[in-house]
Amino acid sequence: AQSVSQHNHHVILSEAASLELGCNYSYGGTVNLFWYVQYPGQHLQLLLKYFSGDPLVKGIKGFEAEFIKSKFSFNLRKPSVQWSDTAEYFCAASGAGSYQLTFGKGTKLSVIP
Amino acid sequence: SQTIHQWPATLVQPVGSPLSLECTVEGTSNPNLYWYRQAAGRGLQLLFYSVGIGQISSEVPQNLSASRPQDRQFILSSKKLLLSDSGFYLCAWRSGATNEQFFGPGTRLTVL
């Protein structure tokens, strides 16, 4: 069965620290990968996505993620976090052409000013 | 541009009462539509999805049901709510071109 695992439930960082949130997936075949973010009181919105091509994907607000096929991973990174990055982050995966997204359990990020 | 609406935004209902949550999408036709439940620490659980009018697929056995009476309308219902139905319900639509899903603002349901 398809699954997505996020390693950390809650991450606390100081401003300007570097961020890496882990995501591993279990999928057969071609996979599409996503990171979504939910800021407090706001809609779930897409940060970035990977379908094919360059495994290093750049998203909004300075986030990037790297698809490592051999490790079944799609970790999210940001070199220097800001207080405004405080949010919950969800990794998701879908088989190519599939109707369904499978989400990880989410990682709550708290950035301390 | 496409927009997705959900109402109500919040709802408090007694155990045993019925439920109807509505989701509508504007600016697209024949979207794939989804209902998720989000619980703290558990991520998003897919409840139902629909690829067309009257076509509903259920992912998890629930005290809930879904219907799609119109192309851009998706309704989540229950005949008798349970305490365990409390949660945050999200509706989403999928872009066929990019396989990306777009989410509505959600409904916070509290069953007392």
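In case you missed it, the structure is sitting above this.
Here is a short report on the structure shown in this document. (Residues numbered from 1 in each chain as written. Chains lettered and ligands numbered in written order. Predicted model: local features only at pLDDT ≥ 70, side-chain atom pairs only at ≥ 80, totals over all residues. Heavy atoms only, no water.)

Residue and element names in this part refer to chain A. Under the criterion given, the structure shown has seven salt bridges over all chains. The partner of Glu 64 in a salt bridge is Lys 58, with the nearest N and O atoms 2.9 Å apart. For Glu 64, a relative accessible area of 18% gives the class buried. Note that Arg 77 is salt-bridged to Glu 66, the shortest N-O span being 3.2 Å. Taken together, the residues Arg 77 in strand S9 (residues 73-78) and Glu 66 in strand S8 (residues 64-68) connect sequence positions 11 residues apart. (Salt bridge = Lys/Arg side-chain N within 4 Å of Asp/Glu carboxyl O. Buried < 20%, exposed > 50% of the residue type's maximum accessible area, 1.4 Å probe, protein only. Helix = DSSP H or I, 4+ residues; strand = E, 2+ residues; numbered from the N terminus.)

Moving on to the nonpolar core. Formed by 29 residues in total, the largest nonpolar core has its most connected members in Trp35(A), Leu48(A), Leu76(A) and Tyr89(A). With residues up to four places along the chain from it excluded, the contact list for Leu76(A) reads Leu19(A), Glu20(A), Leu21(A), Trp35(A), Leu47(A), Leu48(A), Phe63(A), Glu64(A), Ala65(A) and Tyr89(A). One finds Leu11(B), Cys23(B), Trp35(B) and Val111(B) within the second-largest nonpolar core, a separate group that totals 20 residues. (Core = buried A, V, L, I, M, F, W, Y, C linked by side-chain atoms within 4.5 Å. Contact = heavy atoms within 4.5 Å.)

Bringing the state of the cysteines into the picture now. Residue and element names in this part refer to chain A. Enumeration over the complete set of coordinates arrives at two disulfides over all chains. Each sulfur of the disulfide joining Cys 23 and Cys 91 lies 1.9 Å from the other. Residues Cys 23 and Cys 91 share a disulfide whose torsion about the S-S bond is about -65°; that sign makes it left-handed. Placement of the pair is Cys 23 in strand S4 (residues 23-26) and Cys 91 in strand S10 (residues 87-95), with a sequence separation of 68 residues. (Disulfide = S-S within 2.5 Å.)

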